[in-house]
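Take a look at the letters that make up each chain.
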Amino acid sequence: MDEGVTAVRRQFPARIRAIDDLSSRSEDFREICRDFADAQSELAKWNVSTDPKRNERVVEYQELIAELSKEIEGALDASVPPTAR
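Since this is a predicted model, take the numbers as computed values, not measurements.

## Things to note about the overall build of the protein
Step number 1: Scanning the protein from N- to C-terminus turns up four helices and zero strands.
Step number 2: Counting all 85 residues of the protein, 28% fall into the buried class.
Step number 3: A fraction of 58% describes how many contacts in the protein between residues 6 or more apart in sequence connect residues 24 or more apart.
Step number 4: Surface exposure of the protein reaches about 5600 Å², of which carbon and sulfur atoms provide 50%.
Step number 5: In the protein, which carries 13 positive and 18 negative side-chain charges, the distance between the mean positions of the two groups comes to 4 Å.

Spelled out as structure tokens, the structure:
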């Protein structure tokens, strides 16, 4: 399984079925998932960094993760037929 999809499955465990379905048919969604995993990885690195820009970068990656989370939820919501919601 794609590392990005795995990260998104961990973030949204209640939506695993929808994540698996959408990731199996959408390269765009898989790309968002990869971006999400990359941002989480970078946040983890900056969280332990001693670089003077640490705090600034931590905030940037937290914001990016929040934005990507909203984008992922929107894509998942849009992928479910209205009658199945």
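## Side note on the nonpolar core
Where a protein is soluble and globular, its nonpolar side chains tend to be buried together.
Step number 1: With 20 residues, the main nonpolar core has Val-8, Ile-19, Phe-29, Phe-36, Ile-72 and Leu-76 as its most contacted residues.
Step number 2: Among residues more than four places away in sequence, those in contact with Leu-76 are Arg-15, Ala-18, Ile-19, Leu-22 and Phe-29.

## What to know about the environment of Pro-13
Step number 1: Looking at the element boundaries, Pro-13 is found in the loop between helix H1 (3-11) and helix H2 (16-25).
Step number 2: Counting along the chain gives 46 residues from Pro-13 to Val-59, while the straight-line C-alpha distance between them is 25 Å.

## Some points on a negative patch on the surface
Step number 1: Residues Glu-3, Asp-35, Asp-38, Glu-63, Glu-67 and Glu-71 make up a contiguous surface patch of negative charge.
Step number 2: Mapped onto the negative patch, the elements with two or more residues apiece are helix H3 (27-47) and helix H4 (54-79).
Step number 3: Sorting elements by how many residues they give to the negative patch places H4 first, with three residues.
Step number 4: Positionally, Asp-38 belongs in helix H3.
Step number 5: Look at Asp-38 and you get partly exposed, because its relative accessible area is 46%.

## A look at H1
Step number 1: Of the residues making up H1, those classed as buried are Gly-4, Val-5, Ala-7 and Val-8. Projected down its long axis, H1 carries its buried residues within an arc of 160°, all on one side. Counted as exposed and oriented over 90 degrees from the buried face of H1: Glu-3 and Arg-10.
Step number 2: Among the structural elements, H2, H3 and H4 are those in contact with the buried residues of H1.
Step number 3: The residue sitting at the N-terminus of H1 and contributing the capping side-chain oxygen is Asp-2; that oxygen lies 2.7 Å from the backbone nitrogen of Gly-4.

Each value, and the rule that gives it
Residues numbered from 1 in each chain as written. Predicted model: local features only at pLDDT ≥ 70, side-chain atom pairs only at ≥ 80, totals over all residues. Heavy atoms only, no water. Helix = DSSP H or I, 4+ residues; strand = E, 2+ residues; numbered from the N terminus. Buried < 20%, exposed > 50% of the residue type's maximum accessible area, 1.4 Å probe, protein only. Contact = heavy atoms within 4.5 Å. Areas by Shrake-Rupley, 256 points an atom, 1.4 Å probe, with all protein chains shown as cover. Lys, Arg positive; Asp, Glu negative; His and termini not counted. Charge placed at Lys NZ, Arg CZ, Asp CG, Glu CD. Core = buried A, V, L, I, M, F, W, Y, C linked by side-chain atoms within 4.5 Å. Patch = residues over 30% accessible without salt bridge, like charges linked within 9 Å, V, L, I, M, F, W, Y side chains within 5 Å. Salt bridge = Lys/Arg side-chain N within 4 Å of Asp/Glu carboxyl O. Arc of directions from axis to C-beta. Polar contact = N/O pair within 3.5 Å; in protein donor to acceptor, adjacent residues only side chain to side chain.

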